[in-house]
There are 2 protein chains.
Amino acid sequence: MIKGGRLTIPTDLDMIKETLALKEELDADAIRDCDGTIMPDELLESNGKIYATYYTTRKDNEWAEANPEEVQQEYLITDRYTARNTTLEIKLMHGFHTQQLKVNEIDDPKEWWEVIDRTTGEIVPTDKWNYVSETGCVVIETIKYHEYTVSFLAFLIWDPVHMYNFITNDWKDAPHQCTFDVRQPKTQAHVKEKLRQFCIDNPHIDVIRFTTFFHQFTLTFDDQKREKYVEWFGYSASVSPYILRQFEKWAGYKFRPEFIVDQGYHNSIFRIPSKEFRDFIEFQQIEVSKLAKELVDIVHSYGKEAMMFLGDHWIGTEPFGKHFENIGLDAVVGSVGNGVTMRMISDIKGVKYTEGRFLPYFFPDVFNENGDPIKEANENWLQARRAMLRSPLDRIGYGGYLKLAVEWPGFIDTIKNVISEFRQIHEYTNQTKSYTAPFKVAILNSWGSIRRWMNNQVHHAIWYREIYSYVGVIECLSGMPIDVEFISFDDVRNGIDSDIKVIINAGTQGTSWTGGDNWIDEEIVTKIREFVDLGGGFIGVGEPTSYQHQGRFFQLSDVMGVDKEVGFTLSHDKYNTLNAKHFILEDIEEPVDFGEGMASIYAQGDNYQVLAMDQKYCQLVTNQYGKGRSVYFAGLPYSPQNCRLLLRAIYFAASEENNMKKYFVTNMNTEIAAFPSVNKVVIINNSNNDVKTDLYIEGKVHGTYDLKAMEMKWIEL
Amino acid sequence: MIKGGRLTIPTDLDMIKETLALKEELDADAIRDCDGTIMPDELLESNGKIYATYYTTRKDNEWAEANPEEVQQEYLITDRYTARNTTLEIKLMHGFHTQQLKVNEIDDPKEWWEVIDRTTGEIVPTDKWNYVSETGCVVIETIKYHEYTVSFLAFLIWDPVHMYNFITNDWKDAPHQCTFDVRQPKTQAHVKEKLRQFCIDNPHIDVIRFTTFFHQFTLTFDDQKREKYVEWFGYSASVSPYILRQFEKWAGYKFRPEFIVDQGYHNSIFRIPSKEFRDFIEFQQIEVSKLAKELVDIVHSYGKEAMMFLGDHWIGTEPFGKHFENIGLDAVVGSVGNGVTMRMISDIKGVKYTEGRFLPYFFPDVFNENGDPIKEANENWLQARRAMLRSPLDRIGYGGYLKLAVEWPGFIDTIKNVISEFRQIHEYTNQTKSYTAPFKVAILNSWGSIRRWMNNQVHHAIWYREIYSYVGVIECLSGMPIDVEFISFDDVRNGIDSDIKVIINAGTQGTSWTGGDNWIDEEIVTKIREFVDLGGGFIGVGEPTSYQHQGRFFQLSDVMGVDKEVGFTLSHDKYNTLNAKHFILEDIEEPVDFGEGMASIYAQGDNYQVLAMDQKYCQLVTNQYGKGRSVYFAGLPYSPQNCRLLLRAIYFAASEENNMKKYFVTNMNTEIAAFPSVNKVVIINNSNNDVKTDLYIEGKVHGTYDLKAMEMKWIEL
């Protein structure tokens, strides 16, 4: 008999009986409210925990209106305008929504704004421009046919998430929730007092679920109320002169708007972060964690738990940063879109437990005649389950309108199965760690560990044509029996950890994920060459080590045995020929899917083997480099087959082929997790078909097993 | 009755009767020998001209062997080698063929060679390396895990073209023809004397066809006798200490091997040429044209004509350079692969006549059971004919083994039709110029006019996946009623000519064709912005104006209304929607073929219209910019439909839509050429189907015409 609990369900005013019934049926031990639903008083006394969503920065327009100078701010940059004459007038709010944002006219524009000549990159001196409040325009003395931008501060007069929910749900009469900046002294005192009062007023609430702390990720709307840019990792809305003056003091140099607006790219996570932006993130973490701790302490002082939602106002918390643990949270909860987003939660340290909100949310966008919530629930679980076996969440839960879920035929049975398998993992493994390879794999990029499980993502598990071929790498890894580190170029400079046996660099040129000009730093290339030469492994995906320099586009073309044709070697004959007989391809049943792939890759040097080609170019190449090895992939979208391909590539690159079958299943649609401390292995079928697989233990066939579609089979050793 | 002549046919020892019969049947007025065939003495007295191929730099091994220091040389660069220790031994000839090339041990390595640390780009001081003649190795004091190359001089002991023919035709007993350098004094005197003697010995020869002058384009073989790199435009084999010392004196600075080996790219025409390489080309033109003139003068002094073959040793002649006319040639002959390669010959100034060798050559690689020489001849003519109407060759001809052609059923009839249509053009147009638009179109790239009709080509009309989407632009233009200039960035700096109304920039990033960092030169961008703003047109294809800088990848994104998603704006929402109703698309019948296209292009700004999309990205976009306009194409391979598309795009960009139908045919498979001076127009059907088209004259419908497949119809006005 599997123990119950570890489960949170949503409720609403009109679902009291149903909530209680489902709570019993699913053996849930926590109930929550959501944005848009209300916790019925009748449930407060039920056994199990009660969660309350809590907002620190909004839902108090009275306060915001009384303290306009403490409304939150965002750095904006105008569109680019070309001067057709020697003066140019730029309307700041053109293309933004005046219901969301309002030019900050309180703080001195000449101190906090910047006009930049984008043709030269130079700052236009402040005596050459003026802000005209009446027209909302900046008037600039210009050089003819140069392009200009204005970077300026604006107040966030409508909370971006509230605005999003308002628009998405077509709310009509709800007042726009204004923001306020908890970092500023008056508001800080007010918010703390409100929190104390909330704790006093709500004795039955067990868990305060912060949604979230102080700074919303960047979410800016255009003049038609459409999303203009959404950077889930963005710090653009975490600024104010109050904060920036502190930053200047801390950093020891003058702040520039350009650190935030970043040429208009708003420090997209794909940008190689500047030193100044990294400083700013560090500073914000220090301050945010300090202040968040004060709120958490208040919650604790009333005997309640503090839980953080990984989203909305999560900016500055950085769960994989070095200041997060100081907050003293009891728990983190977040949405699980796939294996990667699950590990973004389950890998967090410094909390007592982690909780994942599974898909689908019980919202009308899926629970309708065109939707298939059962399929979504199953797919979500298939991708999450394999990650769960490597690094389990402590709890799971659902959100949305309970009514929709209970009325959908078969849906409750579907999630019952999910919940049961989830509980099995905890029950059978007894919190022991699953077996992983006797070496670590490192993902190398410009961010390193602070962006654990975030590579090549735009935001939260959304498919983009430009990224799926690279994000597949971490999605595959999220459920593989491999310990993964995320390392930065500085980590390489400081010396590659000796337990790392394989380094992966994946993505497209010029992005933070491949690393740009880090690859012409001789310290980086020599350290990695030495690492591989002495027996390490290197795996490149897409445009690894890319930076055009001294005759090569891939700076580690010698290590990888490949380079990219960028036009300069079209006159060079290439004699690449296919030789697909290789350890890496042994379990592979179908043509390899390289996703968008990377065109024009050719093998070179004396030690390569081409395993897959597209016309005359290469897609999968191995290379011997001294005692070490390299594997190049043109792309690696997530699929069960590509998980197998990557597993084999890793063992090959590490020269550890002989150890791969310590715990191993032959069928590429299956995976195995071993829990040696409890003498158990579990085989999962990641496909929707029934499959048969051999099981290897310690390199020897242990048996053959049939698994039904999606089945999870526990085997006692 | 159309006049005959204007035609050259090949012959051979065993084809005397057949040559004479065919000469009469086709009304040919010249006979030629080829590499591998011999002119029978019996034909020397026949009427019409006799051509003799003539080689200045080979076919005289006795001389070469007696003067080893005057054998031609080539700058080579070794592969890159990574130092795994503090010394490194590089075998110079590794990967080259020792039958083709031999290390130059005569001239001082320390003066003429260069060892480069490719990790840093720095030159390794000469006291840190040594050449060991016994092993053929350079031994270098190295920094661990840096990469090194050696650039060195080698003698060309087997002429590359002779080697190519030898290998291709599987010759067995022919001695390898060594090269000699006509630029050097001893050899120069010898070669001149030989030429005089040849003229004396061959009174019946009318035309000396130089194949060619002094320097072979770069054609280097690997150690398996396979082509290693072939740069049809390459100067690597035009060097020697003798020449380079002259260059240093002329240029006023020290020569470096790097000017030639160019990081291993050998100055591929896709590379943005360095100042030093452009200087070198200029110097070589001056010297080559001077010396070539001396040979031509000798030929003239014997009452013969001098003809140059545009190929083989054409390096340094640069038919579109400013020194070419000084040579005083009577004629240029070259191979016609398509419209572009035809215009590379027919547009040459400073000669009395131009001649095109049509395809197919009468060689067994086409005249065999798997080949279709009739189809090849027709396709070749279809592409050449439209170019011929704009800038006609004076003569055409064929090459190869005559036997193969006369024995192939129907082949002679096929070329009879080609010859007849070619003669019609001369007869009916009476050497008058065909009508062109009342404005010029300029192709802008790093080379400008010296590389007229050579953009985005690897060599001579060969299809590459990487280029066909861009080379299509000039192939379309080669047969369009448009005067085309090829301009460089310096030409823009010096002021755009007032008769230019549309500027085209086409190709991929970082290449000479788009221009690389020229696009962050404020002089360039401001001049072109002004040009368009005041009413000019701009057409971008692929990655025009590309250089990542200050928030944009396309530096003229404001002019074009598009930029490329390189990963930094994935978080920016794009709301591009299709609106395909446009002047440009009016005659278009089929989905537009953008070739490889360019992925991830999005429209931006306030004045664009998207005419074609691929998923959420754009492929064809127009933009209004002040009084001017822009058109962006994701790619433009050659096809009849794309010719029409480009024609319309040009008239649209030039804001000259109302003038397009001065002479116009509606069917996109047809084109028109008008010859106002002789009151004729000709309609050509570029397709293999019968078609019907309306004809417009001066903007009004003049009639409707049926054309058979491939037909050329002359109409008297």
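Residues numbered from 1 in each chain as written. Chains lettered and ligands numbered in written order. Predicted model: local features only at pLDDT ≥ 70, side-chain atom pairs only at ≥ 80, totals over all residues. Heavy atoms only, no water.

Observations concerning the overall build of chain A
When you go through chain A residue by residue, the secondary structure sums to 17 helices and 36 strands. Here the C-alpha atoms of chain A give a radius of gyration of 27 Å, agreeing with the 27 Å that 2.2 N^0.38 yields for 717 residues. Seen through its C-alpha atoms, chain A measures out along the principal axes to roughly 75 × 70 × 45 Å. Counting every position in chain A, which comprises 717 residues, the buried fraction comes to 64%. In chain A, the proportion of contacts linking residues at least 24 apart, taken out of those at least 6 apart, comes to 73%. Of the roughly 25,500 Å² of accessible surface on chain A, a fraction of 48% belongs to carbon and sulfur atoms. Taking the average place of the 74 positive charges on the side chains of chain A and the average place of its 104 negative ones, the gap between the two points comes to 3 Å. (Helix = DSSP H or I, 4+ residues; strand = E, 2+ residues; numbered from the N terminus. Rg over C-alpha atoms; globule rule 2.2 N^0.38 Å. Buried < 20%, exposed > 50% of the residue type's maximum accessible area, 1.4 Å probe, protein only. Contact = heavy atoms within 4.5 Å. Areas by Shrake-Rupley, 256 points an atom, 1.4 Å probe, with all protein chains shown as cover. Lys, Arg positive; Asp, Glu negative; His and termini not counted. Charge placed at Lys NZ, Arg CZ, Asp CG, Glu CD.)

Some points on the interface of chain A and chain B
With 67 residues of chain A at the interface, the matching set in chain B holds 67 residues. For the chain A face of the interface with chain B, the top three residues by lost area are A:Y145, A:Q550 and A:F568, together amounting to 14%. For the interface between chain A and chain B, the tally reads six salt bridges. B:D614 serves as the salt-bridge partner of A:R465, at 3.4 Å between the closest nitrogen and oxygen. Remark: the boundary between chain A and chain B carries 44 residue pairs in polar contact (both at pLDDT 80 or more). Looking at the side of chain A that touches chain B, the elements that each hand over two or more residues are β15 (227–231), α15 (522–533), β24 (546–549), β25 (552–554) and β29 (617–625) of chain A. Element by element, the count of residues in the side of chain A that touches chain B is highest for α15(A), at six residues. In terms of residue class, the side of chain A that touches chain B is built from 19 nonpolar, 24 polar and 24 charged. (Buried area = accessible area lost by both parts, 1.4 Å probe. Salt bridge = Lys/Arg side-chain N within 4 Å of Asp/Glu carboxyl O. Polar contact = N/O pair within 3.5 Å; in protein donor to acceptor, adjacent residues only side chain to side chain. Nonpolar A, V, L, I, M, F, W, Y, C, P; charged D, E, K, R; others polar.)

Quick notes on the pairing of strand β22 (residues 500–507) of chain B
Along β22(B), seven of the eight residues are buried, which leaves the element largely enclosed by surrounding structure. In this view, the connection linking β22(B) to its parallel neighbour strand β23 (residues 537–542) of chain B by way of helix α15 (residues 522–533) of chain B has right-handed handedness. (Right-handed = clockwise from strand over helix to strand, strands pointing away.)

Quick look at the sheet that holds strand β10 (residues 129–132) of chain A
All names here are of chain A. Spatially, three strands are ordered β6-β11-β10 in an open sheet, and the strand pairing comes out antiparallel. Every other strand in the sheet has two partners, leaving β6 (87–91) and β10 as the edge strands with one partner each. Direction aside, neighbouring strands of the sheet carry axes that sit 20 degrees apart on average. Both β10 and strand β11 (residues 137–141) contribute to a ladder of four bridges, which runs antiparallel. Residue pairing in the sheet places N130 in a bridge with V139 of β11. (Pairing = 2+ DSSP bridges. Axes fitted to C-alpha atoms, helices over the stretch in contact; angles between N-to-C directions.)

Brief notes about the sheet that holds strand β28 (residues 608–614) of chain A
Hydrogen bonds between backbone groups are what pair the strands of a sheet, and the pairing can be parallel or antiparallel. Residues and elements named next belong to chain A. Ordered by their spatial adjacency, seven strands build an open sheet running β21-β20-β22-β23-β30-β29-β28, and the pairing between neighbours is mixed. Only two strands of the sheet have a single neighbouring strand rather than two, namely β21 (483–488) and β28. For this sheet, the mean angle separating the axes of adjacent strands, direction not counted, is 20 degrees. With six bridges connecting them, β28 and β29 associate as antiparallel partners. In the sheet register, V610 faces β29, and the bridge partner there is V621. The sheet contacts of α15 involve β20 (440–445), β22 (500–507), β23 (537–542), β29 and β30 (628–633), and relative to β22 the element is tilted by about 130 degrees. Lying on the sheet, helix α17 (residues 640–653) is in contact with β20, β22, β23, β29 and β30; it crosses β30 at an angle near 155 degrees.

Here's the deal with the relation of the copies chain A and chain B
Between chain A and chain B, which share one sequence, the superposing operator has a rotation angle of 180 degrees and an axial displacement of 0.0 Å; the RMSD is 0.1 Å. Such a combination of rotation and displacement between the chain copies is what one expects of a two-fold axis. (Least-squares fit on C-alpha atoms with pLDDT ≥ 70 in both.)

Digging into the nonpolar core
Residues A:W113, A:L477, A:I539 and A:F633 are the most contacted members of the largest nonpolar core, which totals 222 residues. Top contributing element to this core by residue count: helix α8 (residues 275–301) of chain A, with 11 residues. Leaving out residues up to four positions away in the same chain, A:L477 has contacts with A:R343, A:I443, A:W453, A:I482, A:V484, A:I504, A:L646 and A:I650. One finds A:Y617, B:A52, B:W158 and B:M660 within the second-largest nonpolar core, a separate group that totals 221 residues. (Core = buried A, V, L, I, M, F, W, Y, C linked by side-chain atoms within 4.5 Å.)

Description of the pattern of salt bridges
All names here are of chain B. What the rule picks out here adds up to 108 salt bridges over all chains. Of the charged contacts in the structure, one is a salt bridge between R118 and E258, with a shortest N-O distance of 2.8 Å. One end of the pair, R118, is in the loop between β8 (114–117) and β9 (122–123); the other, E258, is in helix α7 (residues 258–261), with 140 residues separating them in the sequence. Put simply, K574 and E565 hold a salt bridge, and the shortest N to O gap is 2.7 Å. Residue E565 is classed as buried on the basis of its relative accessible area of 4%.

Considering the packing of helix α9 (residues 339–346) of chain A against helix α10 (residues 373–388) of chain A
Residues and elements named next belong to chain A. Following both chains from N to C, one finds α9 and α10 inclined at 45 degrees, their axes separated by 8 Å at the closest point. Considering the angle they form, α9 stands oblique to α10. For the crossing formed where α9 meets α10, the hand is right-handed. Counting all contacts with α9, which are made through G339, M342 and R343, the residues of α10 involved are Q383, A384, A387 and M388. Tallied by class, residues from the contact of α9 with α10 come to four nonpolar, two polar and one charged. (Parallel < 35°, antiparallel > 145°, perpendicular 65-115°, else oblique. Left-handed = near helix turned anticlockwise from the far one by under 90°.)

Observations regarding the packing of aromatic side chains
Applying the stated criterion to the full structure yields 96 aromatic pairs over all chains. Centroid distance A:F367 to A:W408: 5.7 Å. Interplanar angle 90 degrees. Geometry classified as edge-to-face. Taken together, the residues A:F367 in the loop between β18 (353–357) and α10 and A:W408 in the loop between α11 (402–406) and α12 (411–429) connect sequence positions 41 residues apart. By relative accessible area, A:F367 is classed as buried at 7%. Consider the rings of A:Y428 and A:W714, whose centres lie 5.0 Å apart with planes at 70 degrees: the pair is edge-to-face. Here A:Y428, found in helix α12, pairs with A:W714, found in strand β36 (residues 712–716); they are 286 residues apart in sequence, far enough to count as distant. With a relative accessible area of 28%, A:Y428 lands in the partly exposed category. Classification of A:W714 by relative accessible area gives buried; the value is 18%. Joined through ring pairs, the aromatic side chains of A:Y75, A:Y235, A:F247, A:W250, A:Y253, A:F255, A:F259, A:F277, A:F280, A:F283 and A:W447 make up one cluster. Seen from the ring of B:F583, B:R648 lies directly overhead, with NZ or CZ sitting 4.7 Å from the centre. (Phe/Tyr/Trp six-rings, centres within 6.5 Å; stacked < 30°, edge-to-face > 60°. Lys NZ or Arg CZ within 6 Å of the ring centre and 35° of its normal.)

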